[in-house]
Amino acid sequence: MSPSQQQARPPRAPGYRLTLAGQVISPELDARLMRLRLTDRRGLEADQLDITLSDHDGRLALPPHGAELTLALGWQDAGLVERGTFIVDEVEHSGAPDVVVIRARSADMRRQLPGKRSQGWHEVTLGDIVTTIAARHDLTPAIGATLQGIALEHIDQTDESDLHFLTRLAEQYDAIATIKAGRLLFMAAGQASTASGQAIAPVTLRRHHGDSHRYVEADRDAFTGVLAYWHDPDAAERAEVIAGSDENVKRLRHTFATRDDAVSAARSEWQRIQRGGAEASLTLAEGRPDLYPETPVRLVGFKATIDAVAWLVTEVTHELSDSAYTSAVTLEIRGS
């Protein structure tokens with residue numbers, strides 16, 4: 001399509017479908033909708049839905065705390081994409097002019113895997129741990145193939161919730177732990193793949209797709225590797241392992257119980273450092289309802305240095321009004 005044809009094309013009409021307790025309510029809200037904002041994050045942090053509505057006539061009913069909302073959004077000429085179920089946890093009414101703001105979090109994450117416990121895990125795999133925790137909370141486990149069989153000689157869960165324990169494990173093994181559609185997912189970060197190991201289809205974003213962009217390059221040469229310590233019982237001393245090279249290492253403060261634990265921690269931190277070598281963000285003039293965290297992205301039409309990087313979505317915010325739909329995307333370097 002030529003630039004002149006693009007300019008002549010009529011504006012696209014955004015669309016959405018919102019249900020409350022199973023009833024479609026979006027048609028009644030069309031005249032009241034001021035803003036709908038969905039922030040989709042990776043990891044054990046709840047996605048958030050914010051809806052701002054006009055209550056100019058005072059006739060808008062406030063939804064009850066704990067009400068269930070489902071959302072689909074997109075473009076009227078291309079169909080809508082289901083974006084999940086959310087539970088209302090905050091309602092605000094302000095004025096004048098009178099406005100209602102509804103805030104809801106993803107239904108799966110609202111439970112937060114409650115309850116502190118103390119438990120020693122001995123001679124287990126990561127797959128064993130995730131499967132056990134999933135069963136406790138009536139979730140279906142989904143564990144990345146590269147993580148499933150990692151053996152742990154011993155690890156303690158001491159007066160901490162399953163959520164906190166999984167977060168700690170995810171940090172140690174450079175993984176993402178999250179709950180989606182009744183499934184407890186535990187997968188390698190930055191790999192552009194699902195928990196089952198299937199590749200996520202890449203997306204190409206071109207310079208003319210965006211209203212604005214930002215690229216920041218860090219000093220990737222600051223560290224050349226990561227050093228981790230572990231207790232060697234045979235030598236009765238502290239030993240060390242290195243991921244990367246030893247020219248200028250980052251030293252992890254914790255002393256690990258085994259060499260395998262130290263190796264995993266060093267490798268995970270080194271991968272994080274490499275992915276953090278640069279970051280980018282874009283605001284897309286036309287929203288992309290198909291963008292999710294962990295989606296691989298190719299950028300085209302920016303600086304050669306930027307276009308050469310293999311990118312990965314870490315967060316996406318969809319914002320819709322009665323006349324516009326935009327997406328703001330945050331990217332990091334894709335893992336090797």
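Since this is a predicted model, take the numbers as computed values, not measurements.

A. Expanded view of the pattern of salt bridges. Within the structure shown, the criterion is met by 15 salt bridges. Glu 92 is paired through a salt bridge with Arg 103; the nearest N and O atoms lie 3.3 Å apart. One end of the pair, Glu 92, is in strand 6 (residues 79-94); the other, Arg 103, is in strand 7 (residues 99-106), with eleven residues separating them in the sequence. For Arg 103, a relative accessible area of 22% puts it in the partly exposed group. In this structure, Arg 117 and Asp 162 form a salt bridge, with 3.7 Å as the shortest nitrogen-oxygen distance. Separated by 45 residues along the polypeptide, Arg 117 in strand 8 (residues 116-125) and Asp 162 in helix 6 (residues 162-172) bring together distant segments of the chain.

B. Inspection of the nonpolar core at higher detail. Ranked by size, the top nonpolar core spans 24 residues in total, and within it Ile 129, Ile 133, Leu 152, Leu 166, Leu 169, Leu 184 and Phe 186 carry the most contacts. Residue assignment for this core shows that the elements contributing at least two residues are strand 8, helix 4 (126-136), strand 10 (151-161), helix 6, strand 11 (175-180) and strand 12 (183-188). Once residues within four sequence positions are removed from consideration, Ile 129 is found in contact with Trp 121, Val 124, Leu 152, Ile 155, Phe 165 and Leu 169. Counting 23 residues, the second-largest nonpolar core is a separate cluster that includes Ile 25, Ala 67, Trp 75 and Ala 104.

C. Summary view of the packing of aromatic side chains. For the structure shown, the criterion picks out three aromatic pairs. Each ring, one from Trp 121 and one from Phe 165, has its centre 5.9 Å from the other, and the planes form 15°; the classification is stacked. Of this pair, Trp 121 sits in strand 8 while Phe 165 sits in helix 6, and the two are 44 residues apart along the sequence. Of the two residues examined, Trp 121 and Phe 165, each falls in the buried class. Judged by centre distance (6.1 Å) and plane angle (90°), the rings of Tyr 215 and Trp 311 are edge-to-face. One end of the pair, Tyr 215, is in strand 14 (residues 210-217); the other, Trp 311, is in strand 20 (residues 311-320), with 96 residues separating them in the sequence. Judged by relative accessible area, which is 0%, Trp 311 ranks as buried. Against the face of Tyr 292 rests Arg 83, its NZ or CZ located 3.8 Å from the ring centre. Arg 238 extends its terminal NZ or CZ atom over the ring of Tyr 229, reaching a point 3.7 Å from the ring centre.

D. Region of the structure containing the packing of helix 4 against helix 6. Where helix 4 contacts helix 6, the axes come no closer than 11 Å and their chain directions differ by 155°. Regarding the angle of helix 4 to helix 6, the classification is roughly antiparallel. Like other packed secondary-structure pairs, helix 4 and helix 6 cross with a definite hand, here left-handed. Counting all contacts with helix 4, which are made through Leu 126, Ile 129, Val 130, Ile 133 and Arg 136, the residues of helix 6 involved are Asp 162, Phe 165, Leu 166 and Leu 169. Looking at the contact of helix 4 with helix 6 residue by residue, the classes come out as seven nonpolar, no polar and two charged.

E. Focus on the pairing of strand 12. Where burial is concerned, most of strand 12 is hidden: five out of the six residues are buried. Where strand 9 (residues 140-143) and strand 12 come together, four bridges link them in parallel fashion. Paired with Thr 140 across the two strands is Arg 183, which belongs to strand 12. Two elements, strand 11 and strand 12, share six bridges in a ladder whose sense is antiparallel. Within strand 12, the position partnered with Ile 176 by the bridge is Met 187. Hairpin geometry of strand 11 and strand 12 is characterised by an intervening segment of two residues between the two adjacent antiparallel strands and by a positive phi of about 50° at Ala 181.

F. Layout of the side chain of Thr 52. Inspection of the secondary structure puts Thr 52 in strand 4 (residues 48-54). Not counting the four nearest positions on each side in its chain, Thr 52 is found in contact with Arg 32, Leu 33, Met 34, Arg 35, Val 99, Val 100 and Val 101.

Rules and cut-offs
Residues numbered from 1 in each chain as written. Predicted model: local features only at pLDDT ≥ 70, side-chain atom pairs only at ≥ 80, totals over all residues. Heavy atoms only, no water. Salt bridge = Lys/Arg side-chain N within 4 Å of Asp/Glu carboxyl O. Helix = DSSP H or I, 4+ residues; strand = E, 2+ residues; numbered from the N terminus. Buried < 20%, exposed > 50% of the residue type's maximum accessible area, 1.4 Å probe, protein only. Core = buried A, V, L, I, M, F, W, Y, C linked by side-chain atoms within 4.5 Å. Contact = heavy atoms within 4.5 Å. Phe/Tyr/Trp six-rings, centres within 6.5 Å; stacked < 30°, edge-to-face > 60°. Lys NZ or Arg CZ within 6 Å of the ring centre and 35° of its normal. Axes fitted to C-alpha atoms, helices over the stretch in contact; angles between N-to-C directions. Parallel < 35°, antiparallel > 145°, perpendicular 65-115°, else oblique. Left-handed = near helix turned anticlockwise from the far one by under 90°. Nonpolar A, V, L, I, M, F, W, Y, C, P; charged D, E, K, R; others polar. Pairing = 2+ DSSP bridges.

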